[in-house]
Amino acid sequence: MVKNTATQYDVAIVGAGFAGLYLLHRCRQLGLRARVWEKGAGVGGVWYWNRYPGARCDVESMQYCYQFDAELQQEWNWSERYSAQPEILRYAQHVAQRFNLLDGIDFEHTVKHARFDSEQSIWTLTGENGESLTARYCVMATGCLSKPNWPAIEGYDDFSGPVYHTALWPHEGVDFKGKRVAVIGTGSSGIQSIPHIAVDAEALTIFQRTPNYSVPAQNGPLDPTQAATIKANYQALRDSASQKHNAIDGIYSTESALRVSSEERSAEYEKRWNHGGLTFLGAYGDILRDKKANDTAVEFVHEKINSIVNDKMVAKLLMPTNIIGGKRMCVDTDYYATFNRDNVTLIDLNSQPIVRLYSHGLETAITEYLVDIIVIATGFDAMTGALNQMDIRGRSGIALNEKWQHGPSSYLGLAMHDYPNLFTVTGPGSPSVLTNMLPSIEHHVEWITNCIANMKANEHTIIEAEASAEQAWWEHVQEVASVGLKQTTNSWYTGANIKGKPNVFMPYNGGFPQYCKKCEDVVKKDYEGFVKT
Ligand code: NA7
C-alpha cells in the first residue's frame, strides 16, 4: 500500500549514522521538526553495516566520539584504545536512546528519489517502499563509505558457497572453523579481518592486487588512569585536536625528515611504530610533501615488513611501492605476522589475475583455488557513491549524478548550486575522510542546523549556493589537493578504485582548522556565496 506521511517537516534527514543522529538531536534542540530515514534496521551507519571480524576504528576511541554533550563524554567508558565495531555500535545505540532519538527515525527506509519543488520550496523524498516524506530542507547524512564496491568478477552465481562483502556482513557472524577461505582485497577491511579469519579458518588464501602500508595499532585495554586524565580535561584535548590538520590530537613535527641523521630518523620512526596508529606520519613535516622525505618512511616500513615476515618473497609482495600516506594508511593488529602462519597463502593478482569464480572456488590465469567461503574486501564507491545512487533533482530538475558526471563539485562540501535547501554532511569538497570523522561531522551538523535555524528566524525559505561560489571553492579544493604528494597516488580519494569514475581528488586537503575558519567567515558575512530568499 502506498502511504503518504503527508506531514511536512522542517528537515528531512537521510541516514542514522553518527551524522544523522546528531542532526536529529540538534534539530530538536533548535525547535525544528525533523524526521530521519535510514536504510538499515538500526542506527550506527558504517558501524551498523561493517561487522566483519576485526572491524575497529583507526582513530583512538577517546577522540572518535561525540563532544557535543559534556555529560555523554564523561559517562561513556571505552574499553579499548581503539574500540571494535560492536562497542562503537553500542555507543551509537546508547546515544540514540539517551537523547530519545529513536521515535524520530524510520528504519528500513531507503530513499529512491529526492525532488525539489521550486514553487512550494519543499523537498519530497520517495522511498523504495513507495512512501514519501516532505520537508523544507533535506540533509544527506549518508556517509562517505556507504556504497560497497563489488569487484567485476565473472561467476558469482556459479560459486556454490557463500560470498560476503565486509561492508554487508551478516549480523549473525560467519563461522570460518574448518573452512577454506579466500579474501579478495587488502585495504583496511582486509587488513583488519585477515588476522582474525586466519585464526579460525583451516586455510586462508589472500588475493592481493596492491599492498597497503599498515602500522600497528598497539591496541589494548584503555588505561583507566589515562582515560580519567583525559576526562578531567577533555576540552583541552578537543581544542588541541581542532587545531590539527586532520582533527586528530597527537604530536606532529614540522621538522624535515631530511635534516636529521638516519639514526635519529630511525629512532623517531621506531618510537612512533611502537606507539602505534596514524600519527606515525606525523614524525616529520615533509613526509607528505617531499618524495625524498617520504622515501625514508617507506624504507622504514619496508624494513619492518621484512623483519616480521619470514618468507622473504612474501615480504616483498607485501611492500607497497607507492608513496606512504597517499592512500589512507591502515592500522592493524598482527597483520604482517599473520603471513607466517602455515595456513595462510598470499597470491599476487598482478601475476595471476582472477578469471572467474566457479562452483568450488576461484580460477586465476594460472590455476584454480578450492575454497568454501569468499570474503570480498574491496571497499567502497567512496564519497559520491551513496549520493549518486539516489535520484536527487534540484531546482532545474537535473539529477545530481548528471551534474557530477565529470566529478563532484560543491560549495564547502556542504551545498550545491541548483539544489536549494539541500545540504550534505561531510560531502566531497570538505575535509571529511582526511580527518577524524566525528569532529568533522559535528562541525557540519552544527553549521547546517544553525543555518536552517537562522533561515527560519529571518523568515527566509530558500538558500542556494551561488554557481560562482561553488566554482571558486572547487578550484580551491583542487588547488590545495595539488600541493604535496597525496594526489599522486591512485586511491578512493580520487575515485580511481571504481572503473569509469572521474579522476578527481574529492576531499578538501587544506586542513580542518583552515576549513572551519572559512565556514565561520561565510556565516559572519551573512552566508557569503549563498543566495537567500
Ligand atoms: P579500500 O581501502 O578501498 O581497499 C580495497 C582493497 O580491495 C584494495 O586492496 C584494492 O586494491 C582491492 N580491490 C579493489 N577492487 C579489486 C578487484 N577488482 N580485484 C582485486 N582487488 C581489488 O577499502 P577498505 O574497505 O579496505 O577500506 C576503506 C576505508 O575504510 C579505509 O581507507 C579506512 O578509512 C576505513 P587496489 O588498491 O585498488 O589495487
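Placed above this text is the structure.
Residues numbered from 1 in each chain as written. Predicted model: local features only at pLDDT ≥ 70, side-chain atom pairs only at ≥ 80, totals over all residues. Heavy atoms only, no water.

Student: In this structure, what is going on with the sheet that holds strand β15 (residues 368–370)? I would like to understand it.
Tutor: On the basis of which strands lie adjacent, the open sheet formed by three strands has the order β13-β14-β15 and antiparallel pairing. Of all the strands in the sheet, the pair left with one neighbour each is β13 (354–358) and β15. Between one strand axis and the next, the sheet turns through 20 degrees on average, direction left out of account. Relative to strand β14 (residues 361–364), β13 is paired through four bridges, and the arrangement is antiparallel. (Pairing = 2+ DSSP bridges. Helix = DSSP H or I, 4+ residues; strand = E, 2+ residues; numbered from the N terminus. Axes fitted to C-alpha atoms, helices over the stretch in contact; angles between N-to-C directions.)

Student: Hey, could you run me through helix α14 (residues 437–457) in this one?
Tutor: Think of an α-helix as turning once every 3.6 residues; residues three or four places apart then point the same way. Over its 21 residues, α14 runs 30 Å from end to end, which matches the ideal 30 Å to within 8%, given 1.5 Å per residue. In terms of burial, α14 is largely enclosed, as 15 of its 21 residues are buried. Just downstream of α14, Glu459 is the residue with a positive phi angle, here 55 degrees. (Expected span 1.5 Å × (residues − 1). Buried < 20%, exposed > 50% of the residue type's maximum accessible area, 1.4 Å probe, protein only.)

Student: Honestly, the environment of Tyr91 in this entry has me stumped. Any pointers?
Tutor: Of note, Tyr91 is situated in helix α4 (residues 85–98). We classify Tyr91 as buried; its relative accessible area is 2%. Counting along the chain gives 15 residues from Tyr91 to Trp76, while the straight-line C-alpha distance between them is 7.9 Å. Each residue touching Tyr91, except ones within four places of it in the same chain, is listed here: Phe18, Cys65, Tyr66, Leu72, Trp76 and Trp78. Among the polar contacts made by the side chain of Tyr91, one reaches the main-chain amide nitrogen of Tyr66 at a distance of 2.9 Å. (Contact = heavy atoms within 4.5 Å. Polar contact = N/O pair within 3.5 Å; in protein donor to acceptor, adjacent residues only side chain to side chain.)

Student: What am I meant to see in the state of the cysteines here?
Tutor: The term disulfide refers to a covalent linkage connecting the sulfur atoms of a pair of cysteines. Evaluation of the coordinates by the stated rule reveals zero disulfides. This cysteine, Cys138, is not joined by any disulfide, and Cys27 carries the nearest cysteine sulfur, 11 Å off. Since its relative accessible area comes to 0%, Cys138 is described here as buried. Unpaired in this structure, Cys519 has its nearest cysteine sulfur neighbour in Cys516, at a distance of 6.4 Å. Cys519 sits in the buried class, given a relative accessible area of 0%. (Disulfide = S-S within 2.5 Å.)

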